[in-house]
Amino acid sequence: MRAIVVLMALLLSGAASSRMQIVTTTAMIADVARAVAGELAQVRSMMGPGTDPHLYQATPSDIRALQGADLILYNGLLLEGQLGEVLGRFGELKPVIKVVEASMPADRILANSGLAEGSADPHVWMDASLFSLVAPGVADALAGLDAGNAAVYRANADAYVAQLEALHEWIAHSIASIPEEHRILVTAHDAFGYYGAAYGIEVAGIQGLSTETEAAVADIRETVDLVVELSVPTIFVESTINPRTIEAVIEAAQSRGHSVSIGGELYSDAMGAEGGHEGTLIGMLRHNTTAITESLGGEVAQWPAALADWAREWNLP
Ligand code: ZN
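Caption draft 1: A look at the nonpolar core. Counting 63 residues, the largest nonpolar core has Leu-167, Tyr-195, Leu-281 and Ile-292 as its most contacted members. Examining the composition of this core, we find that nine residues originate from one element, helix α8 (residues 150–176), more than from any other. Lining this core are residues from two domains, each supplying at least three of them: domain 1 (20–103 + 110–166) and domain 2 (169–313). Aside from chain neighbours lying at most four places away, what touches Tyr-195 is Met-126, Ile-171, Ile-175, Leu-185, Gly-200, Ile-201, Thr-289 and Ile-292. Of all hydrophobic cores here, the second largest spans 17 residues; its members include Ile-184, Ala-188, Ala-204 and Ala-253.

Caption draft 2: Highlighting the sheet that holds strand β3 (residues 71–74). Here we have four strands laid out as an open sheet, ordered β2-β1-β3-β4, and parallel in their pairing. Edge positions in the sheet fall to β2 (41–45) and β4 (96–98), since each of these pairs with one other strand and no more. Strand after strand, the sheet turns through a mean of 20 degrees between neighbouring axes, direction not considered. When strand β1 (residues 20–24) meets β3, the two strands line up parallel, connected through three bridges. Its bridge partner being in β3, Thr-24 is matched across the sheet by Leu-73. In the packing of helix α7 (residues 134–145) onto the sheet, the strands contacted are β1, β3 and β4, and the crossing angle to β3 comes to about 165 degrees.

Caption draft 3: Local environment of the pattern of salt bridges. Using the criterion set out here, one finds seven salt bridges in the structure. One salt bridge in this structure joins Arg-154 and Asp-140, with 3.2 Å as the shortest N-O distance. Of this pair, Arg-154 sits in helix α8 while Asp-140 is found in helix α7, placing the two residues 14 residues apart along the sequence. Arg-154 sits in the partly exposed class, given a relative accessible area of 38%. A salt bridge links Asp-225 to Arg-256; the shortest N-O distance between them is 2.7 Å. Residue Asp-225 is located in helix α10 (residues 217–229), and its partner Arg-256 is located in the loop between α11 (244–255) and β8 (261–266); the two are separated by 31 residues in the primary sequence. For Arg-256, a relative accessible area of 45% gives the class partly exposed.

Caption draft 4: Inspection of the coordination of the zinc ion at higher detail. In this structure, His-54 (NE2), His-123 (NE2), His-189 (NE2) and Asp-269 (OD) serve as the protein donors to the zinc ion, at separations of 2.0 to 2.2 Å. Note that the zinc ion binds four donor atoms; their angles at the metal cover 92 to 129 degrees, and the shape is tetrahedral. Each donor residue of the zinc ion belongs to the same chain, with the gaps between them written as H-x68-H-x65-H-x79-D. Taken as a pair, His-123 in the loop between α5 (99–103) and α6 (128–131) and His-189 in strand β5 (residues 184–189) lie far apart in primary sequence, 66 residues in all.

Reading the values: rules and limits
- Residues numbered from 1 in each chain as written.
- Predicted model: local features only at pLDDT ≥ 70, side-chain atom pairs only at ≥ 80, totals over all residues.
- Heavy atoms only, no water.
- Core = buried A, V, L, I, M, F, W, Y, C linked by side-chain atoms within 4.5 Å.
- Buried < 20%, exposed > 50% of the residue type's maximum accessible area, 1.4 Å probe, protein only.
- Helix = DSSP H or I, 4+ residues; strand = E, 2+ residues; numbered from the N terminus.
- Domains from an automatic or database assignment.
- Contact = heavy atoms within 4.5 Å.
- Pairing = 2+ DSSP bridges.
- Axes fitted to C-alpha atoms, helices over the stretch in contact; angles between N-to-C directions.
- Salt bridge = Lys/Arg side-chain N within 4 Å of Asp/Glu carboxyl O.
- Donors = N, O, S within 2.8 Å, 3.2 Å for Na, K, Ca; no water.
- Tetrahedral: all angles 85-135°; square planar, octahedral: opposite > 155°, others 65-115°.

Put into structure tokens, the structure is as follows:
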């Protein structure tokens, strides 16, 4: 009996390690890869919850995972500021794809509104519909390694796109319910440009697009001016960023007689914990949209029927 158990274990572990190994930088890309690959691949993201991708450096265990990977997927658009050399090195050995950058139509990429002229805004996952374009790109990459299952990857990608399209509509309806004069989203850094453009809410980040530079005193003062002038009721902290600058804005606004509250923590550059619904792209955007809509006086739209199965899976209403 014991021999059979051991043999089974060996067979199972053999089966597991023969699955395709995909390593991604962000968990948002891992979410797409899991949806598209299904059971046919094992997916690991280098960056976990609360990790800032602009500053992230590869760890020894990342390097081991990258060595064992069949396919490496990353965002590009200069999101992974510190990983260029490592990804370049592995690119000489195996497929390493800037899958978000490569999936975007050039005219949909937003410009970096900050000082870095000519560079792009990398935070594409904030627009559910636009980010869904990554799924066919992942399907193509997987089909390139495993042509026999190309149709499966394509079908999985189509199903994921349909889910994100339903989510997109839900976000748009929810945000549209916020009174127009309160439709302004103030956060710690400029991660919400795509969100604002897609869903019709004005966005102001204290810090520029990347977190590599500290928020300057002038940036904080400018944000305080905006918050006071527009009587912004609520501003938001981000899960990957020190809340210090947001707190500074609140204090300064208070000293000028305008009281502003914190509307909870938004997921900007990383998702919630793996294994929870906020550790999925749908759950991340659902959390953000609920927090933004409720804090700014709107009413969250009815959850779409197309995502009822998703909600059931996580025991959510
Ligand atoms: Zn960012």
